[in-house]
Amino acid sequence: MASTPLTSTAEEKRAALRARLSSVAARDETAERYRRHANPYIARMLDGLGIDVHYVRGQGTRLYDGAGNEYLDFAGAYGALPFGHNPPEMWKAISAVRDSGEPSITLPSVLGASALLAERLAAVAPGHLDQVWQCNSGAEAVEAALKLARAATGRRLVVSTRNSFHGKTLGALSATGRPRYQTPFGAPSAGFHHIAFGDPEALRQIFGEHPEDIAAFIVEPVQGEGGIVPAPPGYLATARELCTRYGAKLIVDEVQTGLGRTGRLFACEHHDVVPDIMPLAKALGGGMVPIGAVVFGQDSLTEDFGLRHTSTFGGNAFCSRVGVGAVELLTADDRALVRQVARRGDHLLAGLREVASRHPELVADVRGQGLLLGVQLSDDPDLHARQGLFRSLADQEGLAGFLCGYLLRNEGIRLAPAYFASSVLRVEPPLNVSEADCDTLLGALDRGLDVIERGDSARFFAHLLPASERPAPAASPEEDASAAPRPTRLRPREGEPRWAFIAHPTDLASYESYDGRLGLPGEQVRVLFDRMNQCRNVDTAAAMLVGRCRVETDTGESSYGEVFALPYGAQRLLDMPSAQSTALVQEAVDDAVARGAQLVGLGAYTSVITANATALRDVPVPVTTGNAYTVAAAVDGLEEAARQQDIELGEACCVVLGGAGAIGLASSLLLSEKVGRLVLVGNPAHRARSERRLAAALESVVGHLMEADDAPHAGALARSVRTRASSGASARAIAADLVEQGLLTASVDAEAVLPAGDLVLAATSTPDQLIQPELVRRDAAVCDVSQPPNVGPRLKAARPDLRVVAGGLVQLPGGRDLGVDFGVPSGVTYACTAETMVLAHRLHDPVVSHGDKLSVDLVRMLRDEARKLGYRLYLPTDTDHQRQGGPHA
């Protein structure tokens, strides 16, 4: 299939690209082979971002996939494509090696091609740097630089900067300033110290503290993976002066910046600084071969290094000849290409800043040198108001990565985020990129940012869905006049209680409610979440920030909260190994505390999988499950539903699904005081265990009633217990007697006992819809506090005689809208969330729901505290169309 020429109009090109992409299979054979046998983790990440393209041809700044789609490459292999793909000059050098018959690997011998490359590099290197050692990569070049410095100085301490990147071999990784990338591999090794980048005072301090210990200071003139951050003026000069004064070696890492990338042959030339040691790589291979080199002065060379640091493949003739060709091309015509880089870089930088000026809130910064530029997107989630996916990705600094996928699939533009600073788009095209190519990028980026700014998540994420399931896009961005509401930026006030709430999507309806502008059914949103989950890396939090809110109570108090959601549904969490799911919640809690939370609440299955928070370790703040206030709201909701159905509690039969669980049992204790009969239902999947727990629960009910005050509205069950207790019988004996009389029942067969219930309370941890229309007694009252709900949409439609309430819903003080979409009406939230809000005002005397046993006194206390603050039971009318099971329930 012919490729789409970039000379066509932008809209024609985008339309053709979208049409062809729709015809391509979701995963081709090559991608599957890569996933299975090469690197499944990278494969999943590429798939999640939508950049899992297999390129079959490359020429200059263009790449082509198997379907003939054309892409403009502005990622540039992280700087390893100085002349684009398949440059003819490099193929000429390769052909010359083939035609000459020159042997490539001849150690030990005099290496002629290697010597020629060394001479050419020495001729163009700054100052006195006339020695060259060759290797195969940038990481090897850095390793050699570190060994050179230590051997030359007889010292061991190496100072580097935070957020730096120097490679992934052990020494280079030890110099790299990113702990989360080091720890799994036992780095940093001894003898490495990291300081702030660009801070001359930090440099002076470390040299002052270790005047005779420092072997080298290694620094990038532009931090690449750290976010395209140039060294500030005077910083490298200060480093040069300090290294000279204290006898240390200055290593300027030019692996990415060297050989023309910044508009000078070497970036250190911008600072008029000559290092002692200078690692090179990437561009030296001409975009064709792996090669690295270290350029240094004779004052850094020692016999130890010369004789003991060698390489089998370093200096091979094949790569050396290509390296010679690359240097010749860069230095031809008085370095004409390098001077062009400076001009092109100025044009591109000005264009990027103009694009940024049209999106001042979305683009935080544009920076860099030459053709190593970075566009930093804002990580402020408040910019995206209620736009769920955009808001969460911004908070996790993941928006840039998905923008790369959008641009690739919709505009044919290839970009990549910075490795460590994932909110930064790396703009790093081949050095011979044309001005027209730069303008094409600028137009595409402007359109992509506009899609984000309008909150058009349907358009932005459509390419991640199977072609048959993608929503129809608007004819053009201009026709979509809808815009996200202007955000309200919330920040905690001084001294204000701070809480966090952690949950996850509970059912397909909650997926659907997460981002209404997607316009997708829940199943498709779940597919989208699953793909996005594949992109998690070590710097990504386990849970996504989905909202910030301030709660103001009727008593004039306020609290500030942040709501997080694990991007996994209920069934996925249940299917995970318990250690894995618990670790996800632990990480989310730890992240919330690190952000300032003084209290953390757990919602939905985050409580279940952590054994009601007991599996969490070393959390320095109170953690509450939300179960106690859920019990209060559930009991109140069921009683109100009974009143509306004219059900007399004192003689009614109440069936509690999940009766041996924390919520079910505590609810049963309270209901037992007023109802006539009580049936507790357990999980049939674990029959023996359930039967033991149910027997204990029945005994607990009797024990509770034996100690409860004699209330005037006590039901038949409570009156029977007190009558029997007056004879001195034990709780176990009384329970057995009541079971015999049918006033107390334990069962693992919900279908058998549900028809007896005048009142039904569902408080299970199963994702199944247990309460089917044919099982419920006529004119019964049903309250469902399970998440996901045990009541399905079929029940309400088939049984209008029932009063069905989504228990656990409460109205916020004053009915105020939190600005967080819980999948419930405005001004309403779930009781488990409300418990966290209520307890935020008791940080001086923290009392939380924790573990399997809930105190009835705690339930009553929370009910009273909530009422005082202005929380009220919410019972929707038949005209309310709220979705049960919101995304953070």
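Remember, predicted model here, so these are calculated numbers, not experimental data. (Residues numbered from 1 in each chain as written. Predicted model: local features only at pLDDT ≥ 70, side-chain atom pairs only at ≥ 80, totals over all residues. Heavy atoms only, no water.)

Quick notes on helix H30 (residues 856-869)
The line we're drawing: Only DSSP runs of H or I with at least four residues qualify as helices, and only runs of E with at least two residues qualify as strands; both kinds are numbered from the N terminus onward. Expected helix span is taken as 1.5 Å per residue step, with the number of steps being one fewer than the number of residues. Exposure classes here rest on a 1.4 Å probe applied to the protein chains alone. A residue is buried below 20% of its type maximum, exposed above 50%, and partly exposed in between. Whether two residues are in contact is decided by their heavy atoms: any pair within 4.5 Å suffices. Pairing of N or O atoms within 3.5 Å defines a polar contact, subject to two protein rules: one partner must be a possible hydrogen donor and the other a possible acceptor, and residues neighboring in sequence count only if both atoms are side-chain atoms.
An ideal rise of 1.5 Å per residue puts 20 Å on 14 residues; H30 measures up with 20 Å between its terminal C-alpha atoms. The complete set of buried residues in H30 reads Val 856, Leu 858, Val 859, Leu 862, Arg 863, Glu 865, Ala 866 and Leu 869. Tucked inside the fold, the buried residues of H30 contact helix H22 (627-644), helix H23 (662-672), helix H24 (687-707), helix H29 (831-839) and strand E31 (872-873). You can read the cap of H30 off the contacts: a side-chain oxygen lies 3.1 Å from the backbone nitrogen of Asp 857, and it is on Ser 855.

Comments concerning the side chain of Ser 690
Along the polypeptide, Ser 690 turns up in helix H24. Here Asn 683 takes part through its backbone oxygen, which lies 2.7 Å from a polar atom of the side chain of Ser 690. Residues within four places of Ser 690 in sequence aside, it is in contact with Gly 682, Asn 683 and Val 748.

Quick word on a positive patch on the surface
Applied cut-off: Each patch is assembled from residues with relative accessible area greater than 30% and no salt bridge, linking like charges that lie within 9 Å and nonpolar side chains (Val, Leu, Ile, Met, Phe, Trp, Tyr) that lie within 5 Å. Using the Shrake-Rupley algorithm and a 1.4 Å probe, accessible areas are obtained, with residue cover drawn only from the displayed protein chains. Counted as salt bridges are all cases of a side-chain nitrogen of Lys or Arg within 4 Å of a carboxyl oxygen of Asp or Glu. Only four residue types enter the tally: Lys and Arg on the positive side, Asp and Glu on the negative side, with His and both chain ends excluded. By convention, the charge on Lys lies at NZ, on Arg at CZ, on Asp at CG and on Glu at CD.
On the surface, a cluster of positive charge is made up of Arg 689, Arg 692, Arg 693 and Lys 853. For Arg 692, the location among the structural elements is in helix H24.

Some details on the packing of aromatic side chains
Selection rule: Between the rings of Phe, Tyr and Trp (Trp by its six-membered ring), a pair exists once the centres lie within 6.5 Å; its type follows the angle of the planes, with under 30 degrees stacked, over 60 edge-to-face, and the other angles tilted. Two limits define a charge over a ring: the Lys NZ or Arg CZ must be within 6 Å of the ring centre, and within 35 degrees of the ring normal.
Applying the stated rule across the entire model yields 14 aromatic pairs. For the pair Tyr 181 and Phe 420, a centre-to-centre distance of 4.9 Å together with 50 degrees between the ring planes defines the contact as tilted. Here Phe 420 lies in the loop between strand E16 (416-417) and strand E17 (424-427) and Tyr 181 lies in helix H8 (residues 179-182), a separation of 239 residues in the sequence. This pair shows no difference in class: Tyr 181 is buried, exactly as Phe 420 is. Ring geometry for Phe 460 against Phe 461: centres 4.9 Å apart, planes inclined by 80 degrees, an arrangement best described as edge-to-face. As far as the burial class goes, Phe 460 and Phe 461 line up, both buried. By way of ring pairs, the aromatic residues Phe 165, Tyr 181, Tyr 419 and Phe 420 are connected into one cluster. When the ring centre of Tyr 64 is taken as reference, the NZ or CZ atom of Arg 57 above it lies at 4.0 Å.

Side note on the pairing of strand E2 (residues 62-65)
Heads up, the condition is: Following DSSP output, two strands are said to pair if at least two bridges run between them.
In E2, alternate side chains face the same way, and those of Arg 62 and Tyr 64 on one face and Leu 63 and Asp 65 on the other are all buried. Direction of pairing for strand E1 (residues 55-59) relative to E2: antiparallel, over a ladder of four bridges. Paired with Tyr 55 across the bridge in E2 is Asp 65. Linkage of E1 to E2, two consecutive antiparallel strands, is achieved through a turn of two residues, within which Gly 60 is found at a positive phi near 60 degrees. Sheet topology places E2 next to strand E3 (residues 70-73); three bridges connect them, and they run antiparallel. Its bridge partner lying in E3, Arg 62 is registered against Leu 72.

Some thoughts on the sheet that holds E31
Across the sheet, three strands lie side by side as E30-E29-E31; this open sheet has antiparallel pairing. Single-partner strands in this sheet number two, and they are strand E30 (828-830) and E31. Pairing of strand E29 (residues 809-811) with E31 involves two bridges; the strand directions are antiparallel. Considered in E31, the bridge of Gln 811 is made with Arg 872.

Quick word on unusual backbone geometry
Cis geometry is adopted by the peptide bond preceding Pro 108, which originates at Leu 107 and carries an omega value of -5 degrees. Relative to the helices and strands, Pro 108 resides in the loop between helix H4 (88-100) and helix H5 (112-124). Here the bond from Ala 187 into Pro 188 is cis, since omega is 0 degrees, no more than 30 degrees from zero. Note on placement: Pro 188 falls in the loop between H8 and strand E6 (192-195). Positive phi values are uncommon outside glycine, yet Ala 613 reaches one of about 75 degrees. When you line up the elements, Ala 613 lands in the loop between helix H21 (605-608) and strand E22 (623-624).

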